[in-house]
Amino acid sequence: MTIGHRKMMGAGFHSARFKPARAFVIAAALGLGSVLVSGCSGETEAPAEVEGVVNGLEVTNARLVLPPVSGNPAAIYFDIAYNGKGGVSIDGAEVEGASSAEVHDMMEYNFKMTMGPAGPIGLRSGDAKSFEPGGLHIMVFDLGEDVVAGGSTEVTLKIMGGDRHKFTADVRAAGEER
Ligand SMILES: [Cu+2]
């Protein structure tokens, strides 16, 4: 049985050797394949970890709208999309130049729409959400006077588990388009 098996293997190697042209084609194909694979894996490799950036999280159209009355809370709106691995959960925010900030949502209370602290905002890979007037927003308290319309400020989203995602929001006057 063992001998018979060896003979079969030997025959297999033998027949391959007798087809050098075919072997060359296979080798060339393998060579080409490995080039494609390495080129591909180079692109799909996870990007390097950058401090203050969550891979796959993208914030666009970020703006901070100043309050009509100085000293009142300001609001931050933006669009956010997540295309990373698994999911992320936003559970807080910090704003440069402000003493504190909270993630707020609009909710019904006592038959009236009112705003209040939102629970964690979960995003699965492929999700997108808009923080917009009448809905989710970041409420900014005690904003410093150096944050003025036409300028910008840095916003940090706190991600559950300890990660941080920073982005820049343009500062708009109260009367401007939200
Ligand atoms: Cu609010």
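Given the structure is predicted, the values throughout are model-derived calculations rather than measurements. (Residues numbered from 1 in each chain as written. Predicted model: local features only at pLDDT ≥ 70, side-chain atom pairs only at ≥ 80, totals over all residues.)

Colleague: Sorry, what's going on with the overall build of the chain here?
Modeller: Within the chain one finds 2 helices and 10 strands. Helices and strands appear in the chain in the N-to-C order α-α-β-β-β-β-β-β-β-β-β-β. By the burial criterion, 19% of the 178 residues in the chain qualify as buried. Once local pairs closer than 6 in sequence are excluded, the contacts in the chain between residues at least 24 apart make up 66%. (Helix = DSSP H or I, 4+ residues; strand = E, 2+ residues; numbered from the N terminus. Buried ≥ 20, exposed ≤ 12 C-beta atoms within 10 Å, placed from the backbone. Contact = placed C-beta atoms within 7 Å.)

Colleague: It is not clear to me how the pairing of strand 4 (residues 98–109) should be interpreted in this structure. Could you clarify?
Modeller: Moving residue by residue along a regular strand, the side chains alternate between the two faces of the sheet. Here strand 4 pairs with strand 8 (residues 137–143) via 6 bridges, running antiparallel. The residue bridging A101 from the neighbouring strand is V140, located in strand 8. As paired strands, strand 4 and strand 5 (residues 112–117) are joined by 6 bridges and run antiparallel to one another. Counterpart to H104 in the pairing with strand 5 is P117. In this structure, the hairpin formed by strand 4 and strand 5 is closed by a connection of 2 residues, where N110 is found at a positive phi of approximately 55°. (Pairing = 2+ DSSP bridges.)

Colleague: What exactly am I supposed to notice about the environment of L136 here?
Modeller: Structurally, the position occupied by L136 is in the loop between strand 7 (128–131) and strand 8. According to the C-beta neighbour criterion, L136 is buried, with 20 such atoms within 10 Å. In the structure, L136 is positioned 31 residues away from D105 in sequence and 4.3 Å away in space, judged by C-alpha atoms.

Colleague: What is the right way to read unusual backbone geometry from this model?
Modeller: Despite not being glycine, N110 has its phi angle at roughly 55°, a positive value. Note on placement: N110 falls in the loop between strand 4 and strand 5. Classification of N110 as exposed rests on a count of 5 C-beta atoms within 10 Å. Phi at D142 takes a positive value of approximately 50°, unusual for a residue other than glycine.

Colleague: Can you walk me through the nonpolar core in this structure?
Modeller: Generally speaking, nonpolar side chains in soluble globular proteins are found buried as a group. Counting residues in each nonpolar core, the largest one holds 30 residues, and the members touching the most others are A75, I76, I138 and V140. Of all the secondary structure elements, the ones that give two or more residues to this core are strand 1 (57–65), strand 2 (74–82), strand 3 (87–95), strand 4, strand 8, strand 9 (152–159) and strand 10 (164–172). In contact with I76, other than residues within four places in its own chain, are A62, L64, V95, H137, I138, V140, V155 and A169. (Core = buried A, V, L, I, M, F, W, Y, C linked by C-beta atoms within 7 Å.)

Colleague: I keep staring at the confidence of the model for the chain and nothing clicks. Help me out?
Modeller: A low pLDDT score tells you not to read the predicted coordinates there in detail. Predicted confidence across the chain gives a mean pLDDT of 83, with 74% of residues reaching 70 or more. Note on residues 1–18: pLDDT under 50 across the span, and 1 contact to partners over four residues away in sequence or across chains. In the model, residues 32–38 has pLDDT below 50 throughout and makes 0 contacts with residues more than four positions away in sequence or in other chains. (pLDDT = per-residue confidence, 0-100.)

Colleague: Looking at this structure, how should I read the environment of N61?
Modeller: Along the polypeptide, N61 turns up in strand 1. For N61, a count of 13 C-beta atoms within 10 Å gives the class partly exposed. Residues N61 and D79 lie 18 residues apart in sequence; the distance between their C-alpha atoms is 6.1 Å.

Colleague: Which parts of the structure should I look at to understand the environment of M113?
Modeller: By secondary structure assignment, the location of M113 is in strand 5. Here M113 falls in the exposed class, since 9 other C-beta atoms lie within 10 Å of it. Note: C-alpha distance between M113 and G134 (21 residues apart in sequence) is 9.2 Å.

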